[in-house]
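# Coordinate analysis (summary)
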Amino acid sequence: MKPGITIFIASLALFGLIAIQYYLVSDLYHLKRNKFDTEYGTAIGDGLEALQLRYNTNGFDTVFYLMDILAYEKIEDYEFAFNDSVVYELNGFVKESFKSYLETFERVSPFLLVYLEEVHLDTDFHIGFFFREIQLLDQDREYLVFTDGEIAGTGNETSFGNTEAIHANNFRIEGNYFRVEFDYYIDFTHKTRIIYREMAGAFILSLISILIAGFVFMITIRNMLKQIRLSAMKTDFINNMAHELKTPLTTISVASSTLVNTDKNPDKEKIVSLSEMIRQQNKQLGKLIDQILDINLWEKDQITLKLAEVEMKPLIKSRLDAFRLEHSDEAFTLRDHINLDGIKMLIDEFQLTIALHNLLSNALKYGGDPAEIELESGIETDHIFVKLKDNGRGISYDEQSLVFSKFYRGKDVANRKGLGLGLFYVREIVELHGGKVEVFSKLGQGSSFVIRLPLANNNKL
Ligand code: ADP
């Protein structure tokens, strides 16, 4: 399956999981809210019933008594003079008076507060009245003063009348001079918080499951992209290797054809030089094949170090001398300051020599023209360091994190031979020795590679 399709399907699955979790959580919220309403609604109902039983009143006696007096006064004031404009005038006044009586004198709130406390429910609530109708009653006439169902209360008015507040009771009271119908609401301040608290467990679990799925998704995608990059790098490597193999093969083929021809006219010197050429190229072929074999070993994590006690200074010195000899026909300078007198370490000499060789080859390959290479080595607290500095074009900051990757080759190195394995190998070997390799560079200012190997395990030597 193409990676794009896999990512699309995986994203779809993740999105589906998030949607399902969202649906479940919001469904749970509605369930919990209904449960809250039922639980608190029942408690309020029981509380009001208890009030009725204990005091033989619905709690609004004083209010209704005062309302009767008020209604009587109004009827007296306006006897035989009620008309639309008077009723309109009375509307605001009567409503406000009823409202303030209800709020000031009603006995329900304090009783409910104590009752809810007793049954261990939240007691932070506001009351609200939803007026449906107010009428003033004369002996044989009724004056409809107010009927717009306006809401009044002590709390946040918008919560009354909508689903948030609990409908506690409906009153339809008829006194001597008035008739009023209103709904009694109770709004709990911390309703949402209480519901969320009850949902916390389910919410956290669902969040964790989404996070885990998201994490797995990201890791999978990252691994997939890594695989794609690695397979592209492998293709590059094979192309490079094919190129690398062709050069010695061509040289051998040309040299051997020339040898066949010189048979007719033997020239010893030429034969020796051609044979030497064939031998050299053969050696090069052998090296390339070894590299391929090594890669297979690395993939299986099978490098095992053959550790032995080695004196460090002579090891580095002899590698430097061999390098100078190998490249005696090239113009470059190689200076060294090795302060490791008498230091012996438990290392794999063969592998570390190759690592050193790779760094030296790179310094020459990517160094300036002519290359100026400087090797410095010494002891720092608990480790030895080997620093190799060149005067090349340097490595950009972005590239520095890539140069140690398997098969990585810089963008502008096409004309320099290589397989992108040298630094990878250096890092593998150094890390197997418990050490670290780092690069320090700025474009145009050369590069420094520093290997650090711990002395910890070697102190006893
Ligand atoms: P190769 O030399 O075969 O390309 P390496 O693993 O040795 O592979 O190096 C990887 C890349 O790091 C090189 O292609 C080059 O771009 C960069 N590089 C390595 N050493 C140096 C150096 N001394 N100066 C500048 N660039 C370097």
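Turning our eyes to something else, we now look at the site of the ligand. Lining the immediate environment of the ligand, one finds 20 residues, of which N362, Y366, D390, R409 and G410 sit closest. Here an oxygen atom of the ligand and a side-chain polar atom of Y366 are 2.6 Å apart. Note that an oxygen atom of the ligand is positioned 2.8 Å from one of the backbone N or O atoms of L423. Burial of the ligand by the protein amounts to 98% of the accessible area it has alone, namely 530 Å². Elements with a contribution of two residues or more to the shell around the ligand: α8 (349-366), α10 (422-432) and β12 (447-454). Among the elements that make up the shell around the ligand, the one with the highest residue count is α8 (3 residues). Of the residues assigned to the shell around the ligand, the class counts are 9 nonpolar, 7 polar and 4 charged.

Let us now look at the packing of α8 against α10. In the contact formed by α8 and α10, the axes pass within 9 Å of each other and the chain directions differ by 145 degrees. Between α8 and α10 lies a crossing whose hand is left-handed. Counting all contacts with α8, which are made through Q351, L352, I354, A355, N358, L359 and N362, the residues of α10 involved are G422, L423, Y425, V426 and I429. Here the residues of the contact of α8 with α10 sort into 8 nonpolar, 4 polar and no charged.

It is worth spelling out the pairing of strand β9 (residues 371-380) at this point. Two strands pair when backbone bridges link them, and strand β7 (residues 332-338) and β9 are joined in this way by 7 bridges, in the parallel orientation. Following the sheet pairing, I338 is matched in β9 by S377. The pairing of β9 with strand β10 (residues 383-389) spans 7 bridges and is classified as antiparallel. Within β10, the residue paired with G378 across the bridge is F385.

To continue, consider the pattern of salt bridges. In this structure the tally under the stated criterion is 14 salt bridges. Its salt-bridge partner being K344, residue E309 comes within 3.6 Å of it at the nearest N-O pair. Linking E309 in strand β6 (residues 308-311) with K344 in strand β8 (residues 344-347), this pair joins segments that are 35 residues apart in sequence. Salt bridges sharing common partners tie together K317, D321, R324 and D336.

Another aspect to go through is the nonpolar core. If you look at the biggest cluster of nonpolar residues, it comprises 49 residues, and the most contacted ones within it are M312, I316, M345, I373, I384, V426 and I451. The dominant element in this core, judged by the number of residues it contributes, is α8, at 7 residues. Apart from the residues lying within four places of it in its own chain, the contact partners of V426 are A355, N358, L359, V437 and I451. Listed in part, the 47 residues of the second largest apolar core include A43, L116, I166 and A168.

Quick look at the layout of surface pockets now. Taken as a whole, the second largest pocket spans an internal volume of roughly 300 Å³. Together, N223, K226, Q227, R229, L230, M233, F404, S405, K406, F424 and R427 line the second largest pocket. For the lining of the second largest pocket, the element with the most residues is helix α5 (residues 191-262), which contributes 6 residues.

Turning next to the sheet that holds β9. If you walk across this open sheet you meet the 5 strands as β7-β9-β10-β12-β11, and the pairing is mixed. Two strands lie at the open edges of the sheet, namely β7 and β11 (436-441), each paired on one side alone. For this sheet, the mean inter-axis angle between neighbouring strands, taken without regard to orientation, is 15 degrees. Where helix α7 (residues 312-326) meets the sheet, its contacts fall on β7, β9 and β10, and the angle it forms with β7 comes to roughly 175 degrees. Contacting β7, β9, β10 and β12, α8 crosses the sheet at an angle of about 145 degrees to β9.

Moving on, we come to a nonpolar patch on the surface. Together, F203, I204, L207, I208, L211, I212, F215, V216 and I219 make up an exposed nonpolar region whose accessible area comes to about 850 Å². One can find I204 in helix α5. For I204, a relative accessible area of 47% corresponds to the partly exposed category.

Moving on to empty space enclosed by the protein. A full pass over the atoms with the stated rule returns 1 cavity of 30 Å³ or more. Put simply, the largest cavity is a space of about 90 Å³. Forming the boundary of the largest cavity are M312, L315, I316, L352, T353, L356, V386, I451 and L453. Contributing elements (two or more residues each) for the lining of the largest cavity: α7, α8 and β12.

Now for the packing of aromatic side chains. Under the criterion given, the structure shown has 12 aromatic pairs. Note on F36 and Y40: the rings are 4.1 Å apart at their centroids and 15 degrees apart in plane angle, and the pair reads as stacked. Pair noted here: F36 and Y40 are both in helix α1 (residues 3-55), with a separation of 4 residues, about one helical turn. With respect to class, F36 is no different from Y40; both count as buried. Of the aromatic side chains, those joined through ring pairs into one cluster are F36, Y40, F125 and F188.

About the thresholds
Residues numbered from 1 in each chain as written. Predicted model: local features only at pLDDT ≥ 70, side-chain atom pairs only at ≥ 80, totals over all residues. Heavy atoms only, no water. Near = heavy atom within 4 Å. Polar contact = N/O pair within 3.5 Å; in protein donor to acceptor, adjacent residues only side chain to side chain. Areas by Shrake-Rupley, 256 points an atom, 1.4 Å probe, with all protein chains shown as cover. Helix = DSSP H or I, 4+ residues; strand = E, 2+ residues; numbered from the N terminus. Nonpolar A, V, L, I, M, F, W, Y, C, P; charged D, E, K, R; others polar. Axes fitted to C-alpha atoms, helices over the stretch in contact; angles between N-to-C directions. Left-handed = near helix turned anticlockwise from the far one by under 90°. Contact = heavy atoms within 4.5 Å. Pairing = 2+ DSSP bridges. Salt bridge = Lys/Arg side-chain N within 4 Å of Asp/Glu carboxyl O. Core = buried A, V, L, I, M, F, W, Y, C linked by side-chain atoms within 4.5 Å. Buried < 20%, exposed > 50% of the residue type's maximum accessible area, 1.4 Å probe, protein only. 1 Å grid on protein atoms, 1.4 Å probe; cavity = no way out; pocket = protein on both sides within 12 Å on 5 of 7 lines; lining within 4 Å. Points joined across faces, edges and corners; volume = space filled by probe spheres on them. Patch = residues over 30% accessible without salt bridge, like charges linked within 9 Å, V, L, I, M, F, W, Y side chains within 5 Å. Phe/Tyr/Trp six-rings, centres within 6.5 Å; stacked < 30°, edge-to-face > 60°.

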